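# Architecture and fold: a report
Now for the letters of each chain:
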Amino acid sequence: MLKLENVTRRFGGYAAVNNVTITVPKGQMVGVIGRSGAGKSTLLRMLNRLIDPSSGSVRFDQTEITELRGAALRNWQRDCAMIFQQFNLVPRLNVLTNVLLGRLNYRSTLLNLTGSFSKEERAMAISALERLGIAQTALQSAGTLSGGQQQRVAIARALMQQPKMILADEPIASLDPLNAKVVMDSLHNINQEEGITVITNLHTLDTARHYCERVIGMAAGEVVFDGPAENLTSEAVRMIYGAAAEELSEDITSTSIKDKASTPSVGSLQHAV
Ligand SMILES: Nc1ncnc2c1ncn2[C@@H]1O[C@H](COP(=O)(O)OP(=O)(O)OP(=O)(O)O)[C@@H](O)[C@H]1O
């Protein structure tokens, strides 16, 4: 269970995240939505301490995350794998090695310096790539892959961390609709099958509605909506996106990910991208 209490982050005099209190039970898939600058990335980055809160408490089970230092902080960052809009792979390294990099925090510095990964770790990496439908790319340089494939490599690398949570910061913002669907389906599938909590920032309302059992809407650093996707009434949308929301059709806030039932299965799509 993740519990944030009165979490605030200021940059100078400006509160990018202002007094946020939320609890996320284990295994939930949460979509965080809001306009650009609403504070979504700052909130997510405070969870794994890429950014420190100015005040407030972040607890995971019995641990106060804001107080972690050294090895305990590294262990926490391993426990909550992060996925970024720009994938953050090492482009000149092959896909398999990129995925194996997810094991670094499990290994001693000496082992890391020698650069050797065990047979078991390699088998685990191949199996993660198979699960994401991209095992055939294992020996290709990561930089030669399509955006959608690269994001799936990033998800495979996250799985290698055997995380308790996956934090995804606009994972589909750079992808076309077909690749966006494959990536969101993968995250959803991991959430459902492994029970790993997924918290993902999303630009688009319909993606949050479609994949996330819970939606958190942010505006000017504050949580202005928190509930199941079906409670996202037009009034709630107005609170999140402001008056401009009235002029926005769902298409404009959409990547056009259609209903799962009306599109091909992940398996067939994986070969198409
Ligand atoms: N390192 C920083 N220094 C100063 N201001 C910052 C910093 N990081 C974020 N901010 C400011 O905090 C506010 C929230 O930014 P944040 O990136 O969290 O928003 P966001 O909702 O994720 O936006 P986007 O969807 O565009 O990524 C913005 O006004 C931003 O300019």
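Above this text sits the structure in question.
Here we summarise the structure given alongside this text. (Residues numbered from 1 in each chain as written. Predicted model: local features only at pLDDT ≥ 70, side-chain atom pairs only at ≥ 80, totals over all residues.)

### Here we look at the sheet that holds strand S3 (residues 29-34)
Read from one edge of the open sheet, six strands run S6-S7-S8-S3-S9-S10, paired in mixed fashion. Of all the strands in the sheet, just strand S6 (80-84) and strand S10 (222-228) have a single pairing partner and so form its edges. Strand-to-strand twist across the sheet, computed as the mean angle between neighbouring axes with direction ignored, equals 15 degrees. With six bridges joining them, strand S9 (residues 214-219) and S10 adopt antiparallel strand pairing. Of the residues in S10, the one forming a bridge with Ala219 is Glu222. (Pairing = 2+ DSSP bridges. Helix = DSSP H or I, 4+ residues; strand = E, 2+ residues; numbered from the N terminus. Axes fitted to C-alpha atoms, helices over the stretch in contact; angles between N-to-C directions.)

### Some points on unusual backbone geometry
One non-glycine residue, Asn19, lies in the positive phi region at around 60 degrees. When you line up the elements, Asn19 lands in strand S2 (residues 14-24). Judged by C-beta crowding, with 14 C-beta atoms within 10 Å, Asn19 ranks as partly exposed. (Buried ≥ 20, exposed ≤ 12 C-beta atoms within 10 Å, placed from the backbone.)

### Structural notes on the packing of helix H6 (residues 147-160) against helix H7 (residues 177-194)
Interhelical geometry of H6 versus H7 gives an angle of 15 degrees and a closest axis separation of 9 Å. By the angle between their directions, the pair H6 and H7 is classed as roughly parallel. Once H6 is placed against H7, the crossing between them reads as right-handed. Where H6 approaches H7, its residues Gly147, Gly148, Gln151, Arg152 and Ile155 are matched on the opposing element by Asn179, Val182, Val183, Ser186 and Leu187. For the contact of H6 with H7, the residue count by class is four nonpolar, five polar and one charged. (Parallel < 35°, antiparallel > 145°, perpendicular 65-115°, else oblique. Left-handed = near helix turned anticlockwise from the far one by under 90°. Contact = placed C-beta atoms within 7 Å. Nonpolar A, V, L, I, M, F, W, Y, C, P; charged D, E, K, R; others polar.)

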